[in-house]
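# Structure assessment
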Amino acid sequence: MKQDILIAENLEASVTSSINNVRFDKLVVLTDTTTNQHCWPLLSALPVFKGAHVITIAPTDEAKNLATLSDVWMALQQAGASRHSLLVNLGGGMVTDLGGFAASTFKRGMAYINIPTTLLSQVDASVGGKTGINFGGLKNEIGVFNCARTVILSSVFLRTLDHANLLSGYAEMLKHGLLSNNENWYELLSFDLENPNFDQLQQLVAKSVAIKESVVNQDPTENGIRKALNLGHTAAHAIESLALQEGRTVLHGYAVAWGLMMELYLSVRKCGFSAKVMHQLEAFVKQHYGKFQYECKHYEMLYNFMTHDKKNQSGIVNFTLMASIGDICINQTATQYEIEEMLDYYREN
Ligand code: GLY
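Below: a short report on this structure.

### Quick word on the environment of Leu-174
Tracing the chain through its elements places Leu-174 in helix α6 (residues 163-179). Of the residues examined, Leu-174 reaches a relative accessible area of 0% and is grouped as buried. Setting aside anything within four residues of it in sequence, one finds Leu-174 in contact with Trp-185, Leu-188, Leu-260, Leu-281, Phe-284 and Tyr-289.

### A closer look at the sheet that holds strand β5 (residues 111-116)
The sheet built from 6 strands is open, its strands ordered β1-β8-β5-β4-β2-β3 with parallel pairing. Taken across any chain shown, the strands that pair with only one partner, and hence form the sheet edges, are β1 (4-7) and β3 (53-57). The mean inter-strand angle of the sheet, taken between neighbouring strand axes irrespective of direction, is 20 degrees. Pairing of β5 with strand β8 (residues 150-153), which is carried by 2 bridges, proceeds in the parallel orientation. Residue pairing across strands places Asn-114 opposite Val-151, the latter belonging to β8. Contacts between helix α1 (residues 11-20) and the sheet are confined to β1, β2 (27-32), β4 (86-91), β5 and β8, with β8 contributing the most and set at about 175 degrees to the helix. Its contacts with the sheet put helix α4 (residues 93-105) on β2, β3, β4 and β5, and the angle it makes with β4 is roughly 165 degrees.

### Observations concerning the environment of Ala-81
Tracing the sequence through the fold places Ala-81 in the loop between α3 (66-78) and β4. Separated by 56 residues in sequence, Ala-81 and Asp-25 place their C-alpha atoms 7.9 Å apart. Ignoring any residue separated from it by four or fewer positions in sequence, one finds Ala-81 in contact with Lys-26, Leu-76, Phe-106 and Lys-107.

Rules used in this analysis
- Residues numbered from 1 in each chain as written.
- Predicted model: local features only at pLDDT ≥ 70, side-chain atom pairs only at ≥ 80, totals over all residues.
- Heavy atoms only, no water.
- Helix = DSSP H or I, 4+ residues; strand = E, 2+ residues; numbered from the N terminus.
- Buried < 20%, exposed > 50% of the residue type's maximum accessible area, 1.4 Å probe, protein only.
- Contact = heavy atoms within 4.5 Å.
- Pairing = 2+ DSSP bridges.
- Axes fitted to C-alpha atoms, helices over the stretch in contact; angles between N-to-C directions.

This is the structure in structure tokens:
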């Protein structure tokens, strides 16, 4: 599963060369209403898009469903797309996931290119070949592993991203930092998120994506080490589920930041991870992301959400934990008592 990842010094040139590298009979661009308004105008005048057909879908995770997918298949059919056509996904994780799945299944599969426009999709969703939609109330329930031909990463889009979405993506970068090495970790901690230097951010994105790529290349279909990328996510998904139930809005990356705090506590407790590094993460997360509030009465619900996470088998909670920065322990379990201690620790600190 090989995909080219281009760090675009010049967005127009990178997009033009990536498209010209593919032989296709028809070019189709997938946008959502937000990227159609704010991102597509930056590219639409490029000669390479002359005659391209543009499909626009509703934004946000709520539209990442079978009805939208069916609309995209229909639009591809009406545009006369074939197995030899090329789909360019321009958007955040919802567009790259759904578009990647539409391309992978239309006429048994056509090529696609991702141009992720949010930090979260640049460092996570658009890279590594996970495509799909939500179904039956479950996230990413239907999908396939199939990589984009090329992923084009440009800081042009990050410059206009709102601060909350910048922070949301940065949480996945913190995760990659913990999975990699001290140098990367301390570089991430010292980056000025309140006053970002976008050239420096682009370099950090390139390093972050290289870490994800190296994990994915070792285990593309997540039978082993790719589970490292779930660090922080067992707790994060429980936080997101509780928030959803209570009608509170939580961006995915914020839940990941809080989930990392919780799971580093378990890492200290069970795998000998450094308490000093855990405190560094805690300070950074509290400063930038604040805290997710819950009470003791929520423990049972949070625990149940963790046992029902789709990464688990037979009701045993599966965590990815760390022994030290770069030393990953996959397939770790914890008892209900240990999980409640973790919830106590987070609530009280
Ligand atoms: N988002 C985690 C992965 O791609 O495996």
